[in-house]
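In case you want the letters, here they are:
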Amino acid sequence: TQLVYPGTNGLPYGWIWDPILPDLIYFANWVESSTIASVSYYKTTTQFVNDVLAGYGKNDGYDFSNLRVTGASLGGGLAIITGAQTQAFAVAISGLGATLSRETFDPPIELEKLNSHTFNFIPERDYIARIGGRASFFQNAECIAPKNDLFACHSMWRSVCEIAYRCGSSDSRPVICRCVDQFGYPPPLAVNGTTRSFEDACQEANNTWYEMFPPN
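Residues numbered from 1 in each chain as written. Predicted model: local features only at pLDDT ≥ 70, side-chain atom pairs only at ≥ 80, totals over all residues. Heavy atoms only, no water.

*Asks:* Which residues make up the side chain of Thr86, and what values do they have?
*Replies:* As for its position among the elements, Thr86 is in helix 4 (residues 74–86). Look at Thr86 and you get buried, because its relative accessible area is 10%. At 2.7 Å, the side chain of Thr86 forms a polar contact with the backbone oxygen of Thr82. Filtering out sequence-adjacent residues up to four positions away, Thr86 remains in contact with Thr46, Val49, Asn50 and Leu53. (Helix = DSSP H or I, 4+ residues; strand = E, 2+ residues; numbered from the N terminus. Buried < 20%, exposed > 50% of the residue type's maximum accessible area, 1.4 Å probe, protein only. Polar contact = N/O pair within 3.5 Å; in protein donor to acceptor, adjacent residues only side chain to side chain. Contact = heavy atoms within 4.5 Å.)

*Asks:* Go over the state of the cysteines, please, and point to the residues and values.
*Replies:* A complete count under the given rule lists three disulfides for this structure. A disulfide bridge connects Cys143 with Cys153, and the sulfur atoms are separated by 2.1 Å. Classification of the bridge connecting Cys143 and Cys153 rests on its S-S torsion, roughly -95°, and on that basis the disulfide is left-handed. In this pair, Cys143 sits in the loop between strand 4 (138–141) and helix 6 (156–167) while Cys153 sits in the loop between strand 4 and helix 6, placing the two residues ten residues apart along the sequence. Here Cys143 falls in the buried class, since its relative accessible area comes to 7%. A relative accessible area of 1% means that Cys153 is categorised as buried. (Disulfide = S-S within 2.5 Å.)

*Asks:* Explain the sheet that holds strand 1 (residues 68–72) to me, and be specific about the residues and the numbers.
*Replies:* If you trace the four strands from one edge of the open sheet to the other, you get 1-2-3-4, paired in parallel fashion. Bordering the open sheet on either side are strand 1 and strand 4, each of which pairs with just one other strand. Across the sheet, the mean angle separating the axes of adjacent strands is 10° when strand polarity is ignored. Relative to strand 2 (residues 89–93), strand 1 runs parallel, the two sharing five bridges. Residue pairing in the sheet places Gly71 in a bridge with Ala92 of strand 2. Contacting strand 1, strand 2 and strand 3 (118–123), helix 4 crosses the sheet at an angle of about 155° to strand 1. (Pairing = 2+ DSSP bridges. Axes fitted to C-alpha atoms, helices over the stretch in contact; angles between N-to-C directions.)

*Asks:* I'd like to hear about the environment of Pro107, residue by residue, with values.
*Replies:* Within the secondary structure, Pro107 is located in the loop between strand 2 and helix 5 (111–117). For the pair Pro107 and Gln85, spaced 22 residues apart in sequence, the C-alpha separation works out to 7.4 Å.

*Asks:* So what's going on with the packing of aromatic side chains? Residues and values would help.
*Replies:* If you walk through the whole model with that rule in mind, you get two aromatic pairs. Between Tyr42 and Phe105 the ring centres are 5.1 Å apart and the planes differ by 80°, which places this aromatic pair in the edge-to-face class. On the criterion of sequence distance, the pair formed by Tyr42 in helix 3 (residues 41–53) and Phe105 in the loop between strand 2 and helix 5 is long-range, its members being 63 residues apart. Side by side, Tyr42 and Phe105 carry an identical accessibility label, which is buried. On the numbers, 5.4 Å between centres and 50° between planes, the contact of Tyr165 with Tyr185 is tilted. Taken together, the positions of Tyr165 in helix 6 and Tyr185 in the loop between helix 7 (177–181) and helix 8 (198–212) put the pair 20 residues apart, joining distant regions of the chain. By relative accessible area, which is 42% here, Tyr165 ends up partly exposed. (Phe/Tyr/Trp six-rings, centres within 6.5 Å; stacked < 30°, edge-to-face > 60°.)

Remember, this is a structural readout, not a statement about activity or role.
Below, the structure is given as structure tokens:
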């Protein structure tokens, strides 16, 4: 059974509903069967992170106490939930929000934990990343995809290219070829002493990739 709620901005005096939206969503999820609840992905990721933070691997000399959780799209939503539940800092790209549904999880999520332990990178016109509400830490970003492509901005690789383009390149952070080839970002400018073009460098990289991982 599903209950669908329209956005509050489309309702007269929609802001009145904001304080009780988490309760309404909790009631809608109350009818969820125990079978569906038992296979919720976030329970697996949260248990795994809790095990790691509790000392998994220490006997073998590993230390995972400084742990970060990340993901994109649905994976970003899982990272946000798991980060808030375990207090491991989470970074998501186009992740589904959890502020409105925070009372439906097991255990429920405190809003303060979402506000202090999660970060979401949200491109403009990424409608999926706007589902579920936003916590305090997020970054709105531009998207140069064609405006007639409804879901083009909901792309992990496009977001990575946007970050790379805005932050710039360096010896340790080269420009990704697909940012130019597939997503329309300008090629990098050659620095002094460069003897090959960006196109040649990408072709060499592609050839090396295919040699390492030949297509079936």
